[in-house]
Amino acid sequence: MSTAASSRCACSRSKSSSASARDQQKRRASLADEGRATGRFRARGLFLRRPPRNGRRAGGVLTRMASTPAPVVPDWPYCGDGVTSGDRAGCIGRSVDPHPSCLVHLSGLDRDTHLASLNAGDDIDHRGTSFTDQLLDQLLNALSDPTTNHPRLGDTHFESATFTGNADFESATFTGDARFHLAIFTGNAWFESATFTREAQFDSVTFTGTAGFESVTFNGAARFYSATFTGEAWFLLATFNDTAVFISATFTNAGFRAAHFTDTADFRSAAFIRDARFASATFTGTAQFRSATFAGTANFGSASFNGAARFRLAAFTGAADFESATFAGTVDFGSAIFTGIADFESATFTEDVDFGAAVFERAGELGPLVCGNTVFLSGARFNGPVTLSIAARRLECHRTRWESTAVLRLRHADVDFAHAVFEYPLTIAAEQAHFRHSRGTRGSVVPEDPLAGTTGSGVRIVSLRGADAAHLVLADIDLTQCQFTGTVHLDQIRLEGNCTFAIVPARTQWRRLRPQRFTQRRTLAEEHYWRSRQPTAVPGWQQAIPDTGHTEHVGPAQLAPVYRALRKAFEDSKNEPDAADFYYGEMEMRRHDHDRPRAERALLAAYWALSGYGLRATRAVVWLLLAMTGTLLVMMLWGLPADSWKPETVGSLSGRQVRLPTGKPDPVNPTNALHERLSTKRFEGSLRVVVNSVIFRSSDQDLTTAGTYTEMASRLTEPVLLGLAVLAIRGRIKR
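This is a predicted model, so every value here is computed, not measured.

As for the packing of helix H8 (residues 617–639) against helix H11 (residues 705–733)
Consideration 1: Contact geometry for H8 and H11: axes closest at 8 Å, N-to-C directions at 165 degrees. One way to sum up the angle between H8 and H11 is to call them roughly antiparallel. Handedness of the crossing formed by H8 with H11: left-handed. Of the residues in H11, those in contact with Ala 617, Ala 620, Val 621, Trp 623, Leu 624, Ala 627, Met 628, Thr 631, Val 634, Met 635, Trp 638 and Gly 639 of H8 are Ala 706, Gly 707, Thr 710, Glu 711, Ser 714, Glu 718, Leu 721, Leu 722, Leu 724, Ala 725, Ala 728 and Ile 729.
Consideration 2: Taken together, the residues of the contact of H8 with H11 sort by class into 17 nonpolar, 5 polar and 2 charged.

Right, dumping it as structure tokens:
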């Protein structure tokens, strides 16, 4: 072909191209004018320009026009290729400056020229463009960094783009913002080892195939809001140095194994249709999984949560695996639903962990877990048999409900069981030895580092108020601060092992120049609190019990039934000696109850003073010895006559019959000095009278009037005191 002919052909293509460009510009201008006239609204990066809703006005009359589908017209300069009557926008791919067509519809020469003009790190804008894998490879090759042989992109706009083949961004570097929202990947999307220097926007992106983000580094915010992962989503070893947003995202299979989240990881309302793998992941900031749903296995084994972890309202349909996970901040599983197994074996919580109002359908075994502060189970519900193994400073079980048998194996914990509900046997036992792993390294001890500052591993219950204790078993529990008032069926509680109660002040205390000494016995924390508030209280009655507002209204009238119920519980278990302490407490509360009749209180006071309600043998023996000593002295001083009487016979003769009547003179009161009456002979006679009085026998000893009445009194009181002493001893040794 001649040069002139070539020139004419080129001129002809140029004119044709110019005419085509002018036509497309006129068409876009017309659509833009229509959009400005009828209004437009934005939908995630697109402007939807629509005609009038019902028709158009002609001469002031509203005429109805035929219904046509609302076209999607973007707000960027777009290609418009393929416009039809039903599609008024045609191709919405971003036109490549200075051409009117998008990268797809550019002529081969123009596309090659454009790609050749690109350099590594350039900004690109291909919004709405439909990429094949070949076209994407050409674009990324044009942006390849010669030093690394990997693509390097500046500000990147792929909003609403469609990638019909495999999209391979492996090892690419995005130095500017990377915007992919509303993009569609119909094939696999590979971003392995890619680096996003600034914000990465994948909001509302659809990944139909595998989304591979292994070893990706997000230095800016990573946004996957409402993204849909139909295939596998792999974020293994990914690093998120800024906020990671997966709110309302949908995952079919999600793999975040060993991923690192430096800032907030937000998975609120995310849906995991199958398995979610976060094993060995690290969450440095807040991990937010509120209202997330896990239909398959949720694997957080060995994950590290250095900030707060929020799983409130989350639903775990499959197994929830948190084995060996570590939580450094507060943890919230409130109102979460565990339909499958909840595995927290060897999980460690440094701060509080809240399972309040959570539902465990079939937990089986929860723990052993270690918490450095408080485990909240208030309002939680366990629908199946469960064994809880927990080492924590405190365990809150307000209104917790167990629908089947349960065993709580605890260490270190202060347990609040107020208003807990259980209709089947429930055992709370203190574990003396460390918990051990059941899997992995068998027999290895579960470390208790968050509890290093605690003293001893004993378990203390601080409240059973409002609970029904009919099926409750306590084993080796410290009850020194437990509030029992308000507990239902307390007489049916079972106490096994060494369950300890509070004791009275140990030393003799002086109050207003009067010594006060309390004999040792088991007491209730509420009695301590009540006595500590009395004006005559002595030091030693504890005041530091949990202030729930309930103890302010607890007094002797409320405590007497509690002591009575616990006494019956000990008696039913054939533990008579320990039951005696609670009988003593019951009688003490009755004696101090001012609502009872005064005569009853006086009788109880005498009963207490003489023998400690028949339980203090020493007190009864002391009173017996005092009574015998007093009787002995009275007998020696006034009870025995001055001299023993001598028989005197007076006879008279009258015929053959001789009568010799012998008269017995009345005993003569001694008149000599008192000290002269304290002789050995009189002591022996008085002792014989006293001893016979104790065993309720007559001594056949001549007595003065005073001695006779003294003997009568001693024969009434001293056997009673002896019987009280025997009763007290019997109560302590009875089996």
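After presenting the structure, the write-up continues.
With respect to the pairing of strand S52 (residues 426–430)
Consideration 1: Burial runs high along S52: 4 of the 5 residues are buried.
Consideration 2: Relative to S52, strand S49 (residues 406–411) runs parallel, the two sharing 5 bridges. Its bridge partner being in S52, Arg 409 is matched across the sheet by Ala 429.
Consideration 3: One ladder, built from 4 bridges, connects S52 with strand S54 (residues 472–475); its direction is parallel. Residue pairing across strands places Ala 429 opposite Ala 475, the latter belonging to S54.

Quick word on a nonpolar patch on the surface
Consideration 1: Nonpolar side chains collect at one region of the surface, where Leu 610, Val 622, Trp 623 and Leu 626 lie side by side and expose about 340 Å² of accessible area between them.
Consideration 2: Top contributing element to the nonpolar patch by residue count: H8, with 3 residues.

What to know about helix H6 (residues 576–592)
Consideration 1: A rise of 1.5 Å per residue sets the reference length of H6, with its 17 residues, at 24 Å; its end C-alpha atoms lie 24 Å apart and thus fit the reference within 8%.
Consideration 2: The buried count for H6 comes to 12 of 17 residues, which makes it a mostly enclosed element.
Consideration 3: Residues Asp 578, Ala 579, Ala 580, Asp 581, Phe 582, Tyr 584, Gly 585, Glu 586, Met 587, Glu 588, Met 589 and Arg 591 constitute the buried set of H6.
Consideration 4: Along its buried surface, H6 packs onto strand S59 (522–523), helix H4 (525–532), helix H5 (556–572), helix H7 (598–611), H8 and H11.

Considerations on the nonpolar core
In a soluble, globular protein the nonpolar side chains are often hidden away together inside.
Consideration 1: Counting 143 residues, the largest nonpolar core has Phe 169, Phe 180, Phe 191 and Trp 402 as the members making the most contacts within it.
Consideration 2: With 8 residues, H5 is the single largest residue contributor to this core.
Consideration 3: Met 628, Met 636, Val 694 and Leu 724 belong to the second largest nonpolar core, which has 10 residues in total.

Some details on the packing of aromatic side chains
Consideration 1: Overall, the coordinates contain 101 aromatic pairs when judged by the stated rule.
Consideration 2: Measuring from centroid to centroid gives 5.5 Å for Phe 344 and Phe 355, while their planes differ by 90 degrees, and the two rings are edge-to-face. Placement of Phe 344 in the loop between strand S41 (342–343) and strand S42 (348–349) and of Phe 355 in the loop between strand S43 (353–354) and strand S44 (359–360) is noted, with a sequence separation of 11 residues between them. Here the two residues Phe 344 and Phe 355 agree in accessibility, since each one is buried.
Consideration 3: Between the NZ or CZ atom of Arg 616 and the centre of the ring of Tyr 584, over which it lies, the distance is 4.2 Å.

Structural notes on the packing of H7 against H8
Consideration 1: Two elements in contact, H7 and H8, have axes separated by 6 Å at closest approach and are oriented at 85 degrees. One element, H7, and the other, H8, form an angle in the roughly perpendicular class. Contacts between H7 and H8 involve Trp 608, Ala 609, Leu 610 and Ser 611 from the former and Arg 619, Ala 620 and Trp 623 from the latter.
Consideration 2: Along the lines of polarity and charge, the residues of the contact of H7 with H8 split into 5 nonpolar, 1 polar and 1 charged.

Remarks on the pairing of strand S25 (residues 250–255)
Consideration 1: The element S25 is extensively covered by neighbouring structure, given that 5 of its 6 residues are classed as buried.
Consideration 2: Pairing analysis gives 5 bridges linking strand S22 (residues 228–234) to S25, with the strands arranged parallel. Bridging from a neighbouring strand, Phe 229 pairs with Phe 251 of S25.
Consideration 3: Pairing geometry for S25 and strand S28 (residues 271–272), over 2 bridges, is parallel. Bridging from a neighbouring strand, Phe 251 pairs with Phe 272 of S28.

Overview of the pattern of salt bridges
Consideration 1: Overall, the coordinates contain 34 salt bridges when judged by the stated rule.
Consideration 2: For Asp 203, the salt bridge is made with Arg 223, and the minimal N-O distance between the two is 3.1 Å. You can see Asp 203 sitting in the loop between strand S17 (200–201) and strand S18 (206–207) and its partner Arg 223 sitting in strand S21 (residues 222–223), a full 20 residues away along the chain.
Consideration 3: Asp 203 sits in the buried class, given a relative accessible area of 11%.
Consideration 4: Residue Asp 416 is joined to Arg 394 by a salt bridge in which the shortest nitrogen-to-oxygen separation is 3.7 Å. Linking Asp 416 in strand S50 (residues 414–416) with Arg 394 in strand S47 (residues 386–396), this pair joins segments that are 22 residues apart in sequence.
Consideration 5: Under the relative-accessibility criterion, Arg 394 is labelled partly exposed at 24%.
Consideration 6: What you see here is one network of salt bridges that share partners, running through Arg 521, Glu 527, Arg 531, Glu 588 and Arg 591.

Some words on the confidence of the model for the protein chain
Consideration 1: When pLDDT is averaged along the protein chain, the result is 83, and 81% of the positions lie at 70 or above.
Consideration 2: Scored below 50 in pLDDT, residues 1–71 makes 69 contacts in the model with residues more than four places away or belonging to other chains.

Quick notes on H8
Consideration 1: Taken as a whole, H8 has its buried residues at Ala 617, Arg 619, Ala 620, Leu 624, Met 628, Thr 631, Leu 632, Met 635, Met 636, Leu 637 and Gly 639.
Consideration 2: In this fold, the buried residues of H8 make contact with H6, H7, helix H9 (674–677), helix H10 (680–694) and H11.

Comments concerning the environment of Arg 257
Consideration 1: Looking at where Arg 257 falls in the secondary structure, it is placed in the loop between S25 and strand S26 (260–261).
Consideration 2: A C-alpha to C-alpha distance of 9.6 Å links Arg 257 and Gly 301, two positions 44 residues apart in sequence.
Consideration 3: Beyond its immediate chain neighbours, meaning those up to four positions away, Arg 257 contacts Phe 235, Leu 236, Leu 237, Arg 277, Ala 279 and Ser 280.

What counts as what
Residues numbered from 1 in each chain as written. Predicted model: local features only at pLDDT ≥ 70, side-chain atom pairs only at ≥ 80, totals over all residues. Heavy atoms only, no water. Axes fitted to C-alpha atoms, helices over the stretch in contact; angles between N-to-C directions. Helix = DSSP H or I, 4+ residues; strand = E, 2+ residues; numbered from the N terminus. Parallel < 35°, antiparallel > 145°, perpendicular 65-115°, else oblique. Left-handed = near helix turned anticlockwise from the far one by under 90°. Contact = heavy atoms within 4.5 Å. Nonpolar A, V, L, I, M, F, W, Y, C, P; charged D, E, K, R; others polar. Buried < 20%, exposed > 50% of the residue type's maximum accessible area, 1.4 Å probe, protein only. Pairing = 2+ DSSP bridges. Patch = residues over 30% accessible without salt bridge, like charges linked within 9 Å, V, L, I, M, F, W, Y side chains within 5 Å. Areas by Shrake-Rupley, 256 points an atom, 1.4 Å probe, with all protein chains shown as cover. Salt bridge = Lys/Arg side-chain N within 4 Å of Asp/Glu carboxyl O. Expected span 1.5 Å × (residues − 1). Core = buried A, V, L, I, M, F, W, Y, C linked by side-chain atoms within 4.5 Å. Phe/Tyr/Trp six-rings, centres within 6.5 Å; stacked < 30°, edge-to-face > 60°. Lys NZ or Arg CZ within 6 Å of the ring centre and 35° of its normal. pLDDT = per-residue confidence, 0-100.

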